[in-house]
Amino acid sequence: GAVVSQHPSWVICKSGTSVKIECRSLDFQATTMFWYRQFPKQSLMLMATSNEGSKATYEQGVEKDKFLINHASLTLSTLTVTSAHPEDSSFYICSAGFPDRGKYEQYFGPGTRLTVT
Amino acid sequence: QKEVEQDPGPLSVPEGAIVSLNCTYSNSAFQYFMWYRQYSRKGPELLMYTYSSGNKEDGRFTAQVDKSSKYISLFIRDSQPSDSATYLCAMSHSGNTPLVFGKGTRLSVIA
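Definitions and limits used
Residues numbered from 1 in each chain as written. Chains lettered and ligands numbered in written order. Predicted model: local features only at pLDDT ≥ 70, side-chain atom pairs only at ≥ 80, totals over all residues. Heavy atoms only, no water. Contact = heavy atoms within 4.5 Å. Buried area = accessible area lost by both parts, 1.4 Å probe. Salt bridge = Lys/Arg side-chain N within 4 Å of Asp/Glu carboxyl O. Polar contact = N/O pair within 3.5 Å; in protein donor to acceptor, adjacent residues only side chain to side chain. Helix = DSSP H or I, 4+ residues; strand = E, 2+ residues; numbered from the N terminus. pLDDT = per-residue confidence, 0-100. Core = buried A, V, L, I, M, F, W, Y, C linked by side-chain atoms within 4.5 Å. Buried < 20%, exposed > 50% of the residue type's maximum accessible area, 1.4 Å probe, protein only. 1 Å grid on protein atoms, 1.4 Å probe; cavity = no way out; pocket = protein on both sides within 12 Å on 5 of 7 lines; lining within 4 Å. Points joined across faces, edges and corners; volume = space filled by probe spheres on them. Nonpolar A, V, L, I, M, F, W, Y, C, P; charged D, E, K, R; others polar. Pairing = 2+ DSSP bridges.

(A) Summary view of the interface of chain B and chain A. Counting residues at the interface gives 20 residues for chain B, matched by 22 residues for chain A. Interface area, chain B with chain A, both sides summed: about 1,700 Å², of which 58% is carbon and sulfur. Linking chain B with chain A are zero salt bridges. In this assembly, chain B and chain A are joined by six residue pairs in polar contact (both at pLDDT 80 or more). Every element with two or more residues in the side of chain B that touches chain A is listed here: strand 4 (32–38) and strand 5 (45–51) of chain B. Considering every element that reaches the side of chain B that touches chain A, the biggest residue donor is strand 4 of chain B, with four residues.

(B) Layout of the confidence of the model for chain A. Across chain A, the average pLDDT comes to 91, with 96% of residues at or above 70. Taken element by element, the predicted model of chain A shows its lowest mean pLDDT in strand 10 (residues 103–108) of chain A (80) and its highest in strand 11 (residues 112–116) of chain A (97).

(C) Quick look at the nonpolar core. A:Phe67 and A:Leu114 are the most contacted members of the largest nonpolar core, which totals 27 residues. Put simply, the parts of the chain that give this core at least two residues each are strand 2 (10–13), strand 3 (19–26), strand 4 (32–38), strand 5 (45–51), strand 7 (67–73), strand 8 (76–81), strand 9 (90–98) and strand 11 of chain A. When residues of this core are assigned to their parent elements, the largest contribution, four residues, is made by strand 9 of chain A. Dropping the residues within four chain positions of it, A:Leu114 is found in contact with A:Val11, A:Cys13, A:Val19, A:Val81, A:Asp88, A:Ser89, A:Ser90 and A:Tyr92. Listed in part, the 23 residues of the second largest apolar core include B:Val13, B:Tyr25, B:Leu47 and B:Val65.

(D) The side chain of A:Gln38, seen in detail. Looking at where A:Gln38 falls in the secondary structure, it is placed in strand 4. Engagement of the side chain of A:Gln38 in a polar contact is seen with the side chain of B:Gln38, the distance being 2.8 Å. Setting aside residues up to four positions removed in sequence, A:Gln38 forms contacts with A:Ser43, A:Leu44, A:Ser90, A:Phe91, A:Ile93 and B:Gln38.

(E) Examining the layout of surface pockets more closely. Computed from the structure, the largest pocket encloses a volume of approximately 1,100 Å³. Lining the largest pocket are 41 residues, with A:Gln38, A:Gln42, A:Ser43, A:Leu44 and B:Lys103 positioned closest to its centre. Broken down by element, the lining of the largest pocket gets its largest block of residues, four residues, from strand 11 (residues 105–110) of chain B. Residues of the lining of the largest pocket, tallied by class, amount to 18 nonpolar, 14 polar and nine charged.

(F) Representation of the environment of B:Glu3. Residue and element names in this part refer to chain B. Considering the arrangement of structural elements, one finds Glu-3 in the segment before strand 1 (4–6). Along the chain, Glu-3 and Asn-27 lie 24 residues apart, while their C-alpha atoms are 6.4 Å from each other. Glu-3 has contacts with Thr-24, Tyr-25, Ser-26, Asn-27, Phe-30 and Val-100, leaving out every residue within four places of it along the chain.

(G) Examining the pairing of strand 7 (residues 61–66) of chain B more closely. All names here are of chain B. Pairing of strand 6 (residues 54–58) with strand 7, which is carried by five bridges, proceeds in the antiparallel orientation. Directly across from Lys-56, in strand 7, lies its bridge partner Ala-63. Sheet topology places strand 7 next to strand 8 (residues 71–76); six bridges connect them, and they run antiparallel. Within the sheet, the bridge partner assigned to Thr-62 lies in strand 8 and is Phe-75. Turn length for the strand 7-strand 8 hairpin, with the two strands adjacent in sequence and antiparallel, is four residues, and the turn residue Lys-70 shows positive phi of about 55 degrees.

Rendered as structure tokens:
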């Protein structure tokens, strides 16, 4: 089946620094990827839709200047958390669907756990 | 009313039991329905995927979608301790749109 990878799987950073998280689709090209955030014991909340070659679409309440998304190729989307603060500590997960291959289900990466100290 | 409702549990069953998990939803535009299993500190793993109404079976897992009632179910037969996880239902309007998730049901299968 389709595989989505994320890197890093775990990162600790100091308050005020920036962190970049990569999401890669393996075996398939993904014109659209999605970024979610999950706080402990809560469900996944959509942050933004990442479109290859164009600007990301952010959900209401998500600061686009703080969470920078770049989808530079059909297999890579990056999420950069700028000027991170402790309240940004969370589990960040990306997903991708591959409708051009007839795969309408979505596959998730393993997630990146961000801890801001 | 939330778009997708799912009882968070926790649900505890003995090994070998049949587990029934379900979600209700309010948006009739949903066409794609998925069930994910998530272990602690891991990304969700796709278990079952169904388009529109109907049943789908894969090993010990059966997914049902009843669009007329806006109700979906996941059945786990002969449950195992390794099935202990959080189960998330998710749905979308089309094949490449964001998923709307239920809260997830925490399941514990006791040996």
